[in-house]
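Chain by chain, the residues run as shown.
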Amino acid sequence: NDSIKELIVDRRGKMWVGTYLGGLMTYTGKEGFRDFSGRGDIPSSRIWTMVYDPYTDILYVSTLGGGLYLVDTASECVVTGVPELSGRWARTLYLDRNGKVWIGTDNGVVYFDPTVGEVMDYEVYAPWDDRQVYAFCESRDGTLWIGYRIGVVELDRSSHVVRTWTEEDGLHCEVVKDILEGPDGDIWISTLNGLSKLDPKTGRIINFHEYDGLPGSEFYSGSAYMASDNRMYFGAMDGLASFYPHLVNMKSHRLSGVHVSNLTMMNSPVRYDPQAGKDNLLDAHLYRATHIRIPRRCNVVSFGFSTPEYSDPQR
């Protein structure tokens, strides 16, 4: 099937291909593509997302409405299915540093603990009714970031302290698609309308759009990746955004100066007329004037000014 939902390479170099209507496939240079026909069965052909644990060599396969399945990639055997997820749409899977698999569903957050082999609900307080989860990200300090259809939750799992981020907090769009942590601790959030950078320490959010260099503003869920050299990739409807976050320079810079562009007195424009001589209120044209004479009867004076700024003309 041409609808490829996930590509994962296991520790032996075999690629696992999840397709939306063609089920699970494998690929090696020697064997080429072949249908997964391991022992056990994945009844649904609608693979939605996958995640791989290289330490246990287990591939977690989520199907659309058909549950979660664990595949031993060494023996190509379905170890077990997770019946608790049957009938629920598991939209995203995320493997944390402790080996737990976090599962975002259409109705909140659950996680699978392989040490006990059970799926458990995880109550996350969020001030909205929509519980659809699209993305997870575990930052270096252990904070879990959860992307919903209506905002971002910052969850401290040790204290259960929750902070939420929505359009009211500066996100240009609250429909979250993916989340990555940058090398400096900033959180990058792709959305249905642009890319946002969140500084957890200050709460400052900077938004980026097509005129900043993005191939488009509408991003896809499950298409973000952080490479080993800290280069970020975000898949959008119109292409792939690729950049090093430390090179996205948002520092302030010195402008070339402020220029007076117009002058009014009593709401009437003031201009220099070379023929008027001493009757002029300016000693030269406005852009070169050094003196302004204000008549005694005038008690309203207004200046217009501008500064040339060419580094980001779209803004």
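Refer to the preceding data block for the structure.
Notes on the structure in this doc start here. (Residues numbered from 1 in each chain as written. Predicted model: local features only at pLDDT ≥ 70, side-chain atom pairs only at ≥ 80, totals over all residues. Heavy atoms only, no water.)

### Some thoughts on the sheet that holds strand β19 (residues 219-226)
Link 1 in the chain: Reading across from one edge, β19-β20-β21 is the order of the three strands in this open sheet, with antiparallel pairing throughout. Across the chains shown, the open sheet's two edge strands, defined by having one partner strand only, are β19 and β21 (239-243). Adjacent strand axes in the sheet meet at a mean angle of 15°, parallel and antiparallel pairs treated alike.
Link 2 in the chain: Strand direction decides the pairing type here: strand β20 (residues 232-236) and β21, joined by five bridges, are antiparallel. Bridge pairing links Phe234 to Ala241 in β21. (Pairing = 2+ DSSP bridges. Helix = DSSP H or I, 4+ residues; strand = E, 2+ residues; numbered from the N terminus. Axes fitted to C-alpha atoms, helices over the stretch in contact; angles between N-to-C directions.)

### Quick notes on the pairing of strand β9 (residues 108-113)
Moving residue by residue along a regular strand, the side chains alternate between the two faces of the sheet.
Link 1 in the chain: For β9, a buried count of six out of six residues is recorded, marking the element as mostly surrounded by other parts of the structure.
Link 2 in the chain: On β9, burial covers both faces: Gly108, Val110 and Phe112 on one face and Val109, Tyr111 and Asp113 on the other are all buried.
Link 3 in the chain: The pairing of strand β8 (residues 101-105) with β9 spans five bridges and is antiparallel. Among the inter-strand pairings, Val101 is bridged to a residue of β9, identified as Phe112. (Buried < 20%, exposed > 50% of the residue type's maximum accessible area, 1.4 Å probe, protein only.)

### Examining unusual backbone geometry
For residues other than glycine, phi is negative in most cases, and the peptide bonds are mostly trans.
Link 1 in the chain: Although it is not a glycine, Asp57 adopts a positive phi angle of roughly 65°.
Link 2 in the chain: Structurally, the position occupied by Asp57 is in the loop between β5 (47-53) and β6 (58-72).
Link 3 in the chain: Even without being glycine, Met266 reaches a positive phi, approximately 55°.
Link 4 in the chain: Mapping Met266 onto the fold places it in the loop between β22 (259-265) and β23 (268-269).
Link 5 in the chain: On the accessibility criterion, Met266 (43% relative accessible area) is partly exposed.

### Digging into the layout of surface pockets
Take a probe with the size of a water molecule and roll it over the atoms, and the empty space left behind shows itself.
Link 1 in the chain: If you add up the space inside the largest pocket, you get close to 1,500 Å³.
Link 2 in the chain: Lining the largest pocket are 43 residues; nearest its centre among them are Glu6, Gly222, Ser223, Ala224 and Tyr225.
Link 3 in the chain: Counting residues per element, the ones that place at least two in the lining of the largest pocket are β1 (4-9), β5, β7 (77-95), β11 (133-138), β15 (176-181), β19 and β20.
Link 4 in the chain: A total of eight residues in the lining of the largest pocket trace back to one element, the largest contributor, which is β19.
Link 5 in the chain: Residues of the lining of the largest pocket, tallied by class, amount to 27 nonpolar, eight polar and eight charged. (1 Å grid on protein atoms, 1.4 Å probe; cavity = no way out; pocket = protein on both sides within 12 Å on 5 of 7 lines; lining within 4 Å. Points joined across faces, edges and corners; volume = space filled by probe spheres on them. Nonpolar A, V, L, I, M, F, W, Y, C, P; charged D, E, K, R; others polar.)

### Focus: the sheet that holds strand β2 (residues 15-19)
Link 1 in the chain: In space, the four strands of this open sheet follow the order β1-β2-β3-β4, with antiparallel pairing throughout. In this open sheet, the two edge strands, each paired with only one partner strand, are β1 and β4 (32-35). On average, each strand axis in the sheet is inclined to that of its neighbour by 25°, with strand direction left out of account.
Link 2 in the chain: With four bridges joining them, β2 and strand β3 (residues 24-28) adopt antiparallel strand pairing. Paired with Met15 across the two strands is Tyr27, which belongs to β3.

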